[in-house]
Amino acid sequence: MQRTYSLKKNAQFKYVYRRGTSGGSHEMVMLYVRANTLKVGFSVGKKLGCAVVRNRIKRRLRAACAPLLPRMKPGLYVFIARQPAATADFDKLCRSMQYLLRKQNRLVTGPQAARNENMADVKKAGDPA
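An account of the accompanying structure is given in this report. These numbers come from a predicted model, not from an experiment.

### Concerning the overall build of the chain
Broken down by element type, the chain carries four helices and four strands. Walking the chain from its N terminus toward its C terminus, one meets helices and strands in the order α-β-β-β-α-β-α-α. Each of the 129 residues in the chain was classed as buried or not, and the buried ones make up 38%. When contacts within the chain are restricted to residue pairs at least 6 apart in sequence, those whose partners lie at least 24 apart make up 82%. Of the accessible surface of the chain, which amounts to about 7800 Å², a share of 52% is contributed by carbon and sulfur atoms.

### Examining the sheet that holds strand β1 (residues 21-24)
Sheets are built from strands that pair by backbone hydrogen bonding, the pairs being arranged parallel or antiparallel. Reading across from one edge, β1-β2-β4-β3 is the order of the four strands in this open sheet, with mixed pairing throughout. Bordering the open sheet on either side are β1 and β3 (38-43), each of which pairs with just one other strand. In this sheet, adjacent strand axes meet at a mean angle of 20° when their direction is disregarded. In this fold helix α3 (residues 90-103) packs onto β1, β2 (28-33), β3 and β4 (75-81), with an angle of close to 35° to the strand it touches most, β2.

### Quick notes on the packing of helix α2 (residues 51-65) against α3
Relative orientation of the contacting elements α2 and α3 amounts to 55°, with a least axis distance of 9 Å. In this view, α2 runs oblique relative to α3, as classed from their interaxial angle. Classified by chirality, the crossing of α3 by α2 is right-handed. Packed against α2, whose contacting residues are Arg 60, Leu 61, Ala 63, Ala 64 and Cys 65, the element α3 presents Phe 90, Leu 93, Cys 94 and Met 97 at the interface. Taken together, the residues of the contact of α2 with α3 break down into eight nonpolar, no polar and one charged.

### Some thoughts on unusual backbone geometry
Despite not being glycine, Asn 105 has its phi angle at roughly 60°, a positive value. With respect to the helices, strands and loops of the structure, Asn 105 is situated in the loop between α3 and α4 (111-126). Residue class for Asn 105 comes out partly exposed when judged on its relative accessible area of 49%.

### Focus on the environment of Pro 70
Relative to the elements of secondary structure, Pro 70 occurs in the loop between α2 and β4. Here Pro 70 falls in the buried class, since its relative accessible area comes to 18%. The spacing of Pro 70 and Leu 38 is 32 residues in sequence and 9.7 Å in space, taken between C-alpha atoms.

### Let's talk about the pairing of β3
Among the six residues of β3, five are classified as buried, and the element is accordingly described as predominantly covered. Where β3 and β4 come together, six bridges link them in parallel fashion. From the neighbouring strand, Gly 41 faces β4, where its bridge partner is Val 78.

### Notes on the pairing of β4
Counting buried residues along β4, six of its seven residues qualify, which places the element largely inside the surrounding structure. In this sheet, β4 lies alongside β2 in antiparallel orientation, the contact comprising six bridges. Residue pairing for β4: Met 30 is matched across the bridge by Phe 79. Tracing the backbone out of β3, into α2 and back to the parallel element β4 gives a crossover that is left-handed.

Scoring rules and cut-offs
Residues numbered from 1 in each chain as written. Predicted model: local features only at pLDDT ≥ 70, side-chain atom pairs only at ≥ 80, totals over all residues. Heavy atoms only, no water. Helix = DSSP H or I, 4+ residues; strand = E, 2+ residues; numbered from the N terminus. Buried < 20%, exposed > 50% of the residue type's maximum accessible area, 1.4 Å probe, protein only. Contact = heavy atoms within 4.5 Å. Areas by Shrake-Rupley, 256 points an atom, 1.4 Å probe, with all protein chains shown as cover. Pairing = 2+ DSSP bridges. Axes fitted to C-alpha atoms, helices over the stretch in contact; angles between N-to-C directions. Parallel < 35°, antiparallel > 145°, perpendicular 65-115°, else oblique. Left-handed = near helix turned anticlockwise from the far one by under 90°. Nonpolar A, V, L, I, M, F, W, Y, C, P; charged D, E, K, R; others polar. Right-handed = clockwise from strand over helix to strand, strands pointing away.

Structural data, given as structure tokens:
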């Protein structure tokens, strides 16, 4: 996932926690706030394990989110991992994330989605790194 799409500041996370609408699944909770830009953040609490386990969960959530970014509507998103996310396989995390986005109608469908995916491919191909 590119850094331009990530929430970084604590104030941004607090804003989404305070103002966001939530939806939940077995593995995670998604909070969403309407905005002009697309930013995504991930939160994993200390109850889920040591730092190694928490970082592994965050990496897997970022990887599950990356292919969905071109289809996501603009806004601020925070995905909060629950206990079953630590032991869930990667496909289950991907399905759970798609389910939450569809549940709150946050995925672009139709020709707009194809155009967004093409634009993401052009940006990716244009990156020197």
